[in-house]
Amino acid sequence: MVNGGRNRGGRRPTLEEVAARAGVGRGTVSRVINGSPRVSDATRAAVEAAVAELGYVPNTAARALAANRTDAIALVVPEPETRFFAEPYFSDMLRGVGAELADTEMQLLLTFAGGDRERRRLAQYLAAHRVDGVLLVSVHADDPLPDLVAQLEIPAVISGPRSAAETLPSVDSDNYGGARSAVEHLLTGGRRRIAHITGHLDVYGAQRRVDGYRDALREAGIAADETLVEQGDFTEEGGRRAMARLLENAPDVDAVFAGSDVTAAGARQVLRERGRRTPEDVALVGYDDSAIARHMDPPLTSVRQPIEEMGRAMIDLLLTEIADRRLPGGPGRVPHHAVLPAELVVRASS
């Protein structure tokens, strides 16, 4: 029977008493109370039952003050707001993050840091420890924000590592495998002059897609041709510019693998303006499998990134980091790097 948060001696039950009743360690009870997803259903049920039986009531205000806890998470996007609202990648990521946070007490703060002034303001905000954790999305290799967060000892998870030696926990999709599957599909269809419009090459995921593109061609016995690789920036206008350069430098191109669906949409516009039919003259494959891919004419073949699932996984990992940091001694473990599978979705454009 619940006793209003007091035991028979009139004092509040302690965390240790809950742990003893549930038959688990104090750290496990702390993880359950703090919402960590890395607890089995059976263990969570045992802890919750002990909490109910003892009438344990966490003193949220006291706990927050003692642990410098804010019950808030910042989703930091170091890009201009215009790009955030223009590209489906970000809205899908936000949807996954929000869905995973829905059953917790955490509040989500969306913060843009695309300019110097915004970055300075964000640095001051984080230095005041006004959030319990940070999600970093669309981070470039030279971005100082991840190192700042690490120096402030704020739990953080990054969407896509900055390099193979990433020191922060990260969640990504298989960019290399996704790119390979796109190029292999085009090769199977008889295409041989396959171009690639890249994303920002200071983004590790874009670099891995280039690696996958090149390796797939090499294994098919096709020599590298740098006139078929044009740098883009994941935007529609970037796709237009890159496609125009490709048609000038390699007019015999018969397929294009674009770094994003938005980029592919820009490339498609130029192909249509130049009288090139898709897929008859030039096959086209995008990346992300966003709503844009489904609504293009013809519908766009695209590599599906599980973006919502990535957002959920980032929250899962961050909540675990936050809970572990609150234990004596901190996490004391190697950062976890999750890589989710990418899947080619074939449509009429290829």
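These numbers were taken from a predicted model, which means no experiment stands behind them. (Residues numbered from 1 in each chain as written. Predicted model: local features only at pLDDT ≥ 70, side-chain atom pairs only at ≥ 80, totals over all residues. Heavy atoms only, no water.)

Participant: Help me understand the pattern of salt bridges, please; the structure alone is not making it clear to me.
Facilitator: Two side chains bearing opposite charge may form a pair once their charged atoms approach each other closely. Following the criterion strictly, the structure yields 24 salt bridges and no others. One salt bridge connects arginine 180 with glutamate 184, and the closest N-O pair in it is separated by 3.1 Å. One end of the pair is arginine 180 and the other is glutamate 184, both in helix α9 (residues 175-188) and four residues apart, which spans about a single turn. A salt bridge links glutamate 273 to arginine 240; its shortest N-O distance comes to 3.2 Å. Of this pair, glutamate 273 sits in helix α12 (residues 261-273) while arginine 240 is found in helix α11 (residues 236-249), placing the two residues 33 residues apart along the sequence. Since its relative accessible area comes to 53%, glutamate 273 is described here as exposed. You can call arginine 240 partly exposed: its relative accessible area is 22%. Through salt bridges that share partners, Glu79, Arg83 and Glu87 make up one connected network. (Salt bridge = Lys/Arg side-chain N within 4 Å of Asp/Glu carboxyl O. Helix = DSSP H or I, 4+ residues; strand = E, 2+ residues; numbered from the N terminus. Buried < 20%, exposed > 50% of the residue type's maximum accessible area, 1.4 Å probe, protein only.)

Participant: What's the story with the nonpolar core in this structure? I'm lost.
Facilitator: Across soluble globular proteins, you tend to see nonpolar side chains buried next to one another. Counting 39 residues, the largest nonpolar core has Val183, Ile194, Tyr213, Met243, Val256 and Phe257 as the members making the most contacts within it. Those elements that provide at least two residues to this core are α9, β6 (194-197), α10 (204-219), α11, β8 (255-258), α12 and β9 (283-288). Not counting residues within four places of it along the chain, the set of residues in contact with valine 256 comprises Ala195, Ile197, Met243, Val282, Ala283, Leu284 and Val285. (Core = buried A, V, L, I, M, F, W, Y, C linked by side-chain atoms within 4.5 Å. Contact = heavy atoms within 4.5 Å.)

Participant: Help me out: how do you make sense of the sheet that holds strand β5 (residues 170-173) in this one?
Facilitator: For sheets, the rule is that strands pair by backbone hydrogen bonds, running either parallel or antiparallel. Judged by pairing direction, the sheet is parallel, and its six strands sit side by side in the order β2-β1-β3-β4-β5-β11 without closing on themselves. The sheet terminates laterally at β2 (107-112) and β11 (337-340), the two strands that pair on one side only. Strand-to-strand twist in this sheet, taken as the mean axis angle between neighbours without regard to direction, amounts to 20 degrees. Here strand β1 (residues 72-77) pairs with β2 via six bridges, running parallel. When the bridges of β2 are listed, isoleucine 73 appears paired with leucine 108. Sheet strands in contact with helix α6 (residues 88-101) are β1, β2, β3 (133-137) and β4 (156-159), and its direction is about 155 degrees off that of β3. (Pairing = 2+ DSSP bridges. Axes fitted to C-alpha atoms, helices over the stretch in contact; angles between N-to-C directions.)

Participant: Explain the side chain of serine 138 here, please?
Facilitator: Within the element layout of this structure, serine 138 appears in the loop between β3 and α8 (145-151). What makes serine 138 buried here is its relative accessible area of 14%. Among the polar contacts made by the side chain of serine 138, one reaches the side chain of glutamate 79 at a distance of 2.7 Å. If sequence neighbours within four positions are ignored, serine 138 has contacts with Pro78, Glu79, Arg83, Phe90 and Ser159. (Polar contact = N/O pair within 3.5 Å; in protein donor to acceptor, adjacent residues only side chain to side chain.)

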